[in-house]
Structure formats: structure tokens, C-alpha cells
Amino acid sequence: MAFSILTRFSTSTSSPYSSALFFNHFSKRIIFTIATKKKSQPQSYKVMASSQAQAQNKITAPYGSWKSPITADVVSGSCKRLGGTAVDSQGHLFWLESRPSESGRGVLVKEAEKPGDEPIDITPKEFAVRTVAQEYGGGAFRVSGDTVVFSNYKDQRLYKQSISSKDSCPVPITPDYGGPVVSYADGIFDSRFNRYITVMEDRRESSINATTTITAVPLDGGNIQEPKVLVSGNDFYAFPHLDAKGERMAWIEWSHPNMPWDKAELWVGYISENGEVYKRVCVAGCDPKIVESPTEPKWSPTGELFFVTDRNNGFWNLHKWVESKNEVLPLYFLNAEFSRPLWVFGMNSYEFIKRDVEKNLIACSYRQNGRSYLGILDDMQGSISLLDIPFTDIDNITSWNNYLYVEGASAVHPSSVAKDCLVSSPDSLKYESYFSLPELIEFPTDVPGQNAYAYYYPPSNSLYQATQEEKPPLLLKSHGGPTSETRGILNLSIQYWTSRGWAFVDVNYGGSTGYGREYRERLLGRWGIADVDDCCNCARFLVENGKADVERLCITGGSAGGYTTLAALAFRDTFKAGASLYGVADLNLLRAETHKFESHYLDNLVGSEKAYYERSPINFVDKFSCPIILFQGLEDKVVPPDQARKIYQALKEKGLPVALVEYEGEQHGFRKAENIKFTLEQQMVFFARLVGRFNVADPIIPIKIDNFD
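Every value quoted in this text rests on a predicted model; they were computed, and no experiment measured them. (Residues numbered from 1 in each chain as written. Predicted model: local features only at pLDDT ≥ 70, side-chain atom pairs only at ≥ 80, totals over all residues. Heavy atoms only, no water.)

**Student:** For this particular structure, what's the right way to read the packing of aromatic side chains?
**Tutor:** Applying the stated rule across the entire model yields 35 aromatic pairs. Ring centres 5.5 Å apart and planes at 40° place the aromatic pair Tyr63 and Trp66 in the tilted group. Both residues of the pair, Tyr63 and Trp66, belong to the buried class. Here the aromatic residues Tyr136, Phe236, Trp254, Trp261, Trp343, Phe597 and Tyr601 are joined through ring pairs into a cluster of three or more. The residue whose ring lies beneath Arg520 is Trp316, and the NZ or CZ to ring-centre distance is 4.4 Å. (Phe/Tyr/Trp six-rings, centres within 6.5 Å; stacked < 30°, edge-to-face > 60°. Buried < 20%, exposed > 50% of the residue type's maximum accessible area, 1.4 Å probe, protein only. Lys NZ or Arg CZ within 6 Å of the ring centre and 35° of its normal.)

In C-alpha cells, the structure reads:
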């Protein structure tokens, strides 16, 4: 028997729709997780007594030396990434997953035909679904009826494939330019003209300053033609969406030096009888008196345009366009984020779930105070009804015939697609007794009256404990972006540390998303200052509260988080060692060599030429005073390898313990299982040897550390 998720609403809000809407079901495993939260007090007491008895039987050993079944092999094997979901005309769920065991290959997967069967791979072995548009990609496929159009990683061409048969061969629909120099993303089917409308990034003339347009690609199967440009002239485009009749198209555009979360514009174009955009109207973002960043436009079944923007209260809230008056109306004001920053294409934070001529019911997710919520918004009543779900983090939602499909996760559930079962990494749940649950902490910053946020994970292992006198070593992680957000969900790479006796803290420093525009803009002109100060203050806060050993504070981060790591090690003395994964050492070099999407990003984050110099760790090698290990992909176009090599060489010449690991075939972020494993293990043994005061339980062969071995 399955359980419907929409039979129970949050007690804080009543709803008239509990008997009118039906959604697909979560597995019994998830429902059981919800049910266990309602145990009676006597049951809770028994659990507590059992836990005390269990503690007496634990092995006492130093923090960091504990044995754990959550090995680096387990972590690297569980690192599948979900890249979006879709539903075909028969209600079958499809999702995109990247597989570290296949060098990060993106595979489109169809749900099992019946319970107990295995999901079905749709993508043939010689193909990989991935676009490199704007370098970070996303929106690499779209399903309509029994057809999928996808971007193939190797040549970046678009291919059309029937999904009614697993043996169907993909057919190219865009020209062969002799290499992966033109990429596509965020596509939609246009049934009116039998074509595929998509964002196109053309790097044939310049890889640094690509031309971005919205184009149309024929689907008739005839001779392959050059895509037809529908919208052009601005630096960037995203979210082309057609109304049900194919007569109007909405899209988002923005220009340098803005990032899409700084300032963007929402436009509507009217489609002529020959398929051209013949008239345009700016819906939001063009009024110089209003600073806003509209995103995720979408047409309702009745032809009304909805979108998310952060005008008025500084939070991304849902709005509606009144076409007859060219007027924008808010649907529901809440100090919460109903969308997230547009780093990748293909985001989907809300869906229409009921066709009604008088009103729209919208399933939507939002972030507030460090967690996600899922609700049903009635646009006529202006009310939202919360759904009681087991997820504390939601990425994308998809709907079909009043059914909802949710990409989500929590502290005990891995990143999953919820329907009848958990899809992706179900084996990770067998390590649940070792899991460390995140605690959302709020700590003071250097600015009086301002606080910042983080998730703290205490050491946790069902078989081990340390002495009461010992404080654990702490690994602080600074997330990438930096305009991004870390979330308190099950991440086995964190549990790898905590199950071995480390404390771990994941910081949402000032400038992170999820807390509104004002919080997000704390980093403007202050990157390398506000983020660094917040990370140091968080570590000191944990030390002062007895949760970490002041002599064993370590820091790690990738990309922008790698920059914060290096800046903290160069300009502060809080941490005793650090690990930088494809991190930035030279801001000027990054500005000169990075790709188009981020080519002006730093201007707002850093500011003056003087600041570019003074906040680049590479210019102040004399200020480094502790060991550092660096990891770098040799095909990285976002942070080129020269950055890591320069910092390595400088620290080596200074005499500090330092190591550099370079990976062939890796780009910005590591996708191969063997490299994910090696990076995790070498960080662990590096910290253990240099600051840990313990022996690692795992049989890891350490690499050579210059100026130490």
C-alpha cells in the first residue's frame, strides 16, 4: 500500500483542497520517517535510556581516529548528481543523473515499468547528456510526448530521440561545426511551428566573449539547418517559455556588468504567423526606479504570465503580469526565497497543478531560515497551504495530471526524486546510525547587530566516543559561488568526516542566498573580507562554545570557496591548515581569463583595482603561515590551472608544507569517482599528519608533502 503525500497539511494552515487534489506517493520508508517523529514520551524515554547504555559500550578513541564504514569509495560512488526531471505523455518519470563511475557521464533515466524492476537507461552508451552553455550548463534536455531533445556533451549538438523504445537512436538536429563550439540550453518545444526554441551560445568567433541568442531549431527531420535567431542583442538570455497557443513567448535577459541576481529584465514577445517575434513588451526590470531580478517566467494553462522577482521586500516572491494594463501584481508576500540564483539553466521552483478558469493553484517551494517548504498557493485567495513532507531541501518540482514529483533531500535522505520510491543513492541509508544531524547555528559577525548562519555537524559514530576532556578537530567549509547557499542535507562527504570524529561546519557567510537581497548584497565590494570574517567568526564561536579544538581548526572550499579558504589562510590566523579545491588565488588573473558569464562578476564583488591586488592571496605569500593542499582540474576554464600552480610554487619557495594534485580530464568540479575519492582521502590524511594529533584508521597512502616529507 502506498501513502498519498497530500492527505495531510501543516496544522498551521487549513486548506479546502485536501480532498480535491491527488499526488503521487512517497515510499513507505519516507512515510515511516515522518511517523517516528510522533512517538509518545515513554517511547522517547526508552530510546534515551538505550542510548545511554549504548554510550557505555562505545570504544574510547581520539577524535579523528575512529573507524567508519562510510569510506571514500562509498562517498565517490554515491555522488550521482540529479540534473532535472521530466514526465512524458504517459506519466512516466524521467531524470538526468551524472555518474562518477562513468567519468561523470550524464544519463537520462526512465522510472521502472513496475515495482521491483530496475530503472531504464534511455541515453545510449556513446552519448552523454550535458551542455556547457555558460560553462555551468543545466537545462540540457526537454521531454514532450514521447520525444526528448538533449545536448550531447562531446559535440554539444542537439539530438532528438524517441523515448517510447529504449533502442531508439538519437538523431542530430543542429549543424556539425567541427567541434563543441556552439552550445544549447533551456529548450522548449514549439508545437505551432514544429520546432525547438532554445538559448544558443555561439563561441565560434570568441570563446571569451560568446554570442548568446534565443533561436529556433526545426524538428521536421529534413535537412539540418542553421538555427533561426528569434531574440538577440543582449549579453545573456534564459527561460524562454511559450504560452499554450504558441503566440507569446516570455524570457529573461540581462547585460554586463550585472549577474542575473543583481538586475535582470523580463520580456514578452508576440509571435507572428511566420514564426518571428514581431513585438516586445518589457514586463519587469526596465523601470530605473525599481531594482529587481525577475526569474522563472511561466504561462498558466489559461494564458496568464507568472514569474518570481525580488521587488518591494527584497525576497524572491511570486508575481503575476496583467497584460491589459502592463501591470505587475504580487501573489503572496513572504520574507522567503521562492527561487534561487541562476547559476545553471533549467530551474523549476513552481508548477501549476489545477486547471481552473477562475483561479490558479500553484505548487511552489521556498527557502526560509535555512530550510525548504512545499506549499499550494491559491492566487485568488492569496493564501498558501503547507504540505507536510520529509524533505528539508527542495530543488525542482515537476507536475503531470495533478501529480507532483519533487527533487529533495534532508539530513537523513539523500538527494532524491520522490514518487513511489527514492531514486538515487538508496544504499546510503544503511549508514544511518553513523549520521551526524546538522544544527542550524546563528553567530555574530564583525558588524554590530548582524548575524550569519551555518550548519554544524558534531562528531558521530555509533561505535566510538572520545574522552570528555578532548575537543574535536573542526573542518570548516566555505561554499562556492560565492552567490550561493549551502544546505543542511545528507551529504556523505560530510559524514565521511564526522563519522571519523571530526566536527564539521558548513557556513552561509554574508553574501549567500536564501536570506534575501540585503543579506546577499553584504558581499558587494567586500568579497575576501565579509566572507573571510564570517568564516573566522564561526570557527571562534564554536571554540568558545566548546564544540571545537582551537589548535585543530582547518578550512576547505572549492572555487569561490577555495578563494575564501586561501584568503583566510593568508590574511587571518584563525586556521591551522587548509585545502583549496580549484580555488582562486589571483583575482586579476581570474578576471582576465574567466568565461563570459562571470567576466564582470568580480567588478561588483571586489571593486577597485587596489582591492583586486590587496585581496589576492598570491600577492601576499609572506603572510601564509600554515600547511595547504591544493587540488586542480587541468581542463578548468572557470579557474585556470595557473592559479593553483602559482600559489603552490610560491608556498614551496617560502618553505611551508604544501602539496598540489592535478587531474587530467577534470574541469571545474571533479566528476570522476577515482578523483573524488582521492581528493577526500588526501585531505583527511594531510590534516591528520600536520595538525590532527591522531592516526587515520583507513589505509591511505599519503602523497608527498613538500617541505615536510
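So, next bit.
**Student:** Mind showing me how you'd approach the environment of Val171 here?
**Tutor:** With respect to the helices, strands and loops of the structure, Val171 is situated in strand S11 (residues 171-172). Classification of Val171 as partly exposed rests on a relative accessible area of 46%. A sequence separation of 12 residues divides Val171 from Tyr159, and the C-alpha atoms of the two residues are 5.2 Å apart. Setting aside chain neighbours within four positions, we find Val171 in contact with Leu158, Tyr159 and Lys160. (Helix = DSSP H or I, 4+ residues; strand = E, 2+ residues; numbered from the N terminus. Contact = heavy atoms within 4.5 Å.)

**Student:** What's the story with the packing of helix H6 (residues 530-544) against helix H7 (residues 560-571) in this structure? I'm lost.
**Tutor:** Contact pair H6 / H7: the axes reach a minimum separation of 9 Å and the direction vectors enclose 70°. Considered as vectors, H6 and H7 are oriented roughly perpendicular to each other. Contacts between H6 and H7 involve Asp531, Val532 and Cys535 from the first element and Tyr563, Thr564, Ala567 and Ala568 from the second. (Axes fitted to C-alpha atoms, helices over the stretch in contact; angles between N-to-C directions. Parallel < 35°, antiparallel > 145°, perpendicular 65-115°, else oblique.)

**Student:** Would you take a moment to explain the sheet that holds strand S16 (residues 236-242) for this structure?
**Tutor:** Hydrogen bonds between backbone groups are what pair the strands of a sheet, and the pairing can be parallel or antiparallel. Pairing is antiparallel in the open sheet, where four strands are placed in the order S16-S17-S18-S19. Among the strands making up the open sheet, the edge pair consists of S16 and strand S19 (277-284). Strand-to-strand, the axes of this sheet are offset by a mean angle of 25°, without reference to chain direction. Of the pairings in the sheet, the one linking S16 to strand S17 (residues 248-254) comprises five bridges and is antiparallel in character. Within the sheet, the bridge partner assigned to His241 lies in S17 and is Ala250. (Pairing = 2+ DSSP bridges.)

**Student:** I would appreciate a short explanation of H6 in the present structure.
**Tutor:** An α-helical segment advances 3.6 residues per turn. Residues three or four places apart therefore align on the same side. Here H6 contains 15 residues, and its C-alpha end-to-end distance of 21 Å stays within 8% of the 21 Å for a straight helix at 1.5 Å per residue. In terms of burial, H6 is a largely internal element, 11 of the 15 residues being buried. Among all positions of H6, only Ala530, Asp531, Val532, Asp533, Asp534, Cys535, Cys536, Asn537, Cys538, Ala539 and Leu542 are buried. Along its buried surface, H6 packs onto strand S32 (439-444), strand S33 (451-457), strand S35 (474-478), strand S36 (503-508), strand S37 (553-558) and H7. (Expected span 1.5 Å × (residues − 1).)

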